[in-house]
Amino acid sequence: MTYGDILVAQNLVKSYGGTRALDGAGIRLSGGEVHALVGENGAGKSTLVRILSGSLTPDEGEMRTAEGTRIATVSQELSLFPDLSVRENLFPHGPPRRLGLLDRAAMDRAARPVLAELGLEVDPGTELGELPLADQQLTEIARALLRQPRLLVLDEPTSALPAPAVERLERVLRTLTGRGIAVLYVTHFLEEVMRIAQRVTVLRDGRVALAGARRADVDVPELVTAMLGGRPEQPARRTRAAALDLPPPVVLSGVSVPGRLADVTFTVRAGEVAGVAGLQGAGHLDALAVVCGRAEVSAGRVDVGGRGRPRSLRAAVRAGVAFVPSDRKRYGLMLDRTVWENTTSVSWLALGRGGHMPSRSELVGHTQDLTGRLRLRGGPYDPVARLSGGNQQKVVFAKWLATEPRIVVLDDPTRGVDVGVRAEMHRVVGELAAGGAAVLLASTDLAELTEVCDRVLVFVRGRLAGEVHGERLTEHALAVAMQQGGSPSG
Ligand SMILES: Nc1ncnc2c1ncn2[C@@H]1O[C@H](COP(=O)(O)OP(=O)(O)OP(=O)(O)O)[C@@H](O)[C@H]1O
Ligand SMILES: [Mg+2]
């Protein structure tokens, strides 16, 4: 079964300001094959996809396609119109017309087999925005298929899809490649790669770390090594001791959250930093949500700070929880207010139980202590909007430090901050644990987990699949455990 080259790209370079998103990358795609493209966050996958699909021009490099090659791309960010119907979304470029009118029946006739193939059972007249996210993603894939491409490019198509939809999509891809179509498939799920791809290319820092290897010639640990590179692995030295004599501030026992978390049991002790890790949708973030009172728990026992299960974020804060979210613009800060107003905004809530109303000068003084500790660049009266991103994130930290938390929940706390700020935050996290707090940390940055955590709980498909700690706590071990659900603790 050889259909020949459909697309060959070489020596592609693309810079954004100082960032080299692609630094001499290339790829060769053949008809009849699913070619997987993998790599860490920021490796350059989407940049390559955008160049191949013609929506981005490279600074350098060549690209050839077979004559008459039509490329359809499903991009990482949904690009549909939620206010329009499914039908209107499926035919954006030229819906069939009759007498100058949109021919709905013709559209539906064309769409029906494609929708059926994907298992998308919707009335084409439904407003897209009313569908669940997974169905919206399938609609986007259906739109690409309706263009009858010779090359279909899918950039992380399955991250929002439930398992049965992923299986249907895999079947559809097999049918397509059987017809000689080339598929470029970007994913973080290496198991999917091993199941459906004939070839795999690994990008690392904008370069090709593994070029079109045949699936049969690689395994998951090798792919992980290619993704991470030969970075020296050094498990951090950990000197903290968890308080084994005190009741653990965080206890989950047999906890389930419908559709997200199944029968999860773990504790976090005072004085330790426990990480949680998993691929998108694995359930690790839902475990954090349980602790923060932001999940619909359907079974199991939860105890946070000795007060049972928190039913709201407010209840969690009363139980001693500090929550540093990843999306600081939405949850973290009042951008138009001053530093002192932000840093003291939740300590009011926590201090409210004491009955003492602190004065403004007390609050400002307290803010100065905290921002000094964090080496914030900015004074207490500066509006937060004027600070840099990293310094804004320090204010989020300061605001929760002000509550003197017993339990600290951090979701990707250093995303988008520079290395200096990152190191300072890591120091503060260590101090919090040393001071007796129980810390739970999620991070998309595996190095952060290995540097900061005493142990990391690994989630796979809604279940706690294992724990990695001590000498074994390396980026490579974590990445492999997240893929396979393996690595039982040793
Ligand atoms: N429009 C842009 N402006 C500035 N920098 C960008 C832009 N798009 C991408 N980058 C940078 O280029 C690099 C590669 O990004 P790209 O989106 O290609 O990564 P990716 O491999 O798709 O990552 P992910 O797995 O997170 O989707 C990153 O450092 C990213 O921050
Ligand atoms: Mg991407």
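Structure first, text after, so check above.
Residues numbered from 1 in each chain as written. Chains lettered and ligands numbered in written order. Predicted model: local features only at pLDDT ≥ 70, side-chain atom pairs only at ≥ 80, totals over all residues. Heavy atoms only, no water.

## Here's the deal with empty space enclosed by the protein
Summary: where empty space remains is shown by rolling a probe the size of a single water molecule over the atoms.
Turning to step 1, where the next piece is worked out: Counting across every chain of the model gives one cavity of 30 Å³ or more.
Turning to step 2, where the next piece is worked out: The computed volume of the largest cavity comes to approximately 50 Å³.
Turning to step 3, where the next piece is worked out: Every residue along the wall of the largest cavity is listed here: Ala322, Val324, Phe397, Trp400, Leu401, Pro405, Val408, Leu410 and Leu432.
Turning to step 4, where the next piece is worked out: Of all elements in the fold, only β16 (321-324), α14 (389-401) and β17 (407-411) reach the threshold of two or more residues within the lining of the largest cavity.
Turning to step 5, where the next piece is worked out: Among the elements that line the lining of the largest cavity, the one with the most residues is α14, at three residues.
Turning to step 6, where the next piece is worked out: Here the residues of the lining of the largest cavity are counted per class, giving nine nonpolar, no polar and no charged. (1 Å grid on protein atoms, 1.4 Å probe; cavity = no way out; pocket = protein on both sides within 12 Å on 5 of 7 lines; lining within 4 Å. Points joined across faces, edges and corners; volume = space filled by probe spheres on them. Helix = DSSP H or I, 4+ residues; strand = E, 2+ residues; numbered from the N terminus. Nonpolar A, V, L, I, M, F, W, Y, C, P; charged D, E, K, R; others polar.)

## Looking at the sheet that holds strand β12 (residues 250-257)
Turning to step 1, where the next piece is worked out: Here three strands make up an open sheet; going across it, the order is β13-β12-β15 and the pairing antiparallel. Edge positions in the sheet fall to β13 (261-268) and β15 (299-304), since each has one partner strand and no second. Neighbour-to-neighbour, the strand axes of the sheet open up by a mean angle of 15°, direction not taken into account.
Turning to step 2, where the next piece is worked out: As defined by bridge partners, β12 adjoins β13 across five bridges and the pair is classed as antiparallel. Bridge pairing in β13 links Val257 to Leu261.
Turning to step 3, where the next piece is worked out: Packing of helix α8 (residues 284-291) onto the sheet brings it into contact with β12, β13 and β15, and relative to β12 it is tilted by some 120°. (Pairing = 2+ DSSP bridges. Axes fitted to C-alpha atoms, helices over the stretch in contact; angles between N-to-C directions. Contact = heavy atoms within 4.5 Å.)

## Considerations on the site of ligand 1
Turning to step 1, where the next piece is worked out: Surveying the vicinity of ligand 1 reveals 14 residues, the closest of which are Asn41, Gly42, Lys45, Ser46 and Thr47.
Turning to step 2, where the next piece is worked out: Within the contact set of ligand 1, an oxygen atom lies 3.2 Å away from a backbone nitrogen or oxygen of Ala43.
Turning to step 3, where the next piece is worked out: One nitrogen or oxygen atom from the side chain of Lys45 is found 2.8 Å from an oxygen atom belonging to ligand 1.
Turning to step 4, where the next piece is worked out: Protein burial of ligand 1: of its 640 Å² of free accessible surface, 64% is covered by the chains.
Turning to step 5, where the next piece is worked out: When residues of the shell around ligand 1 are traced back to their parent elements, those giving at least two are β2 (19-30) and α1 (45-52).
Turning to step 6, where the next piece is worked out: The leading source of residues in the shell around ligand 1 is α1, at three residues.
Turning to step 7, where the next piece is worked out: Partitioned by chemical class, the residues of the shell around ligand 1 number three nonpolar, eight polar and three charged. (Near = heavy atom within 4 Å. Polar contact = N/O pair within 3.5 Å; in protein donor to acceptor, adjacent residues only side chain to side chain. Areas by Shrake-Rupley, 256 points an atom, 1.4 Å probe, with all protein chains shown as cover.)

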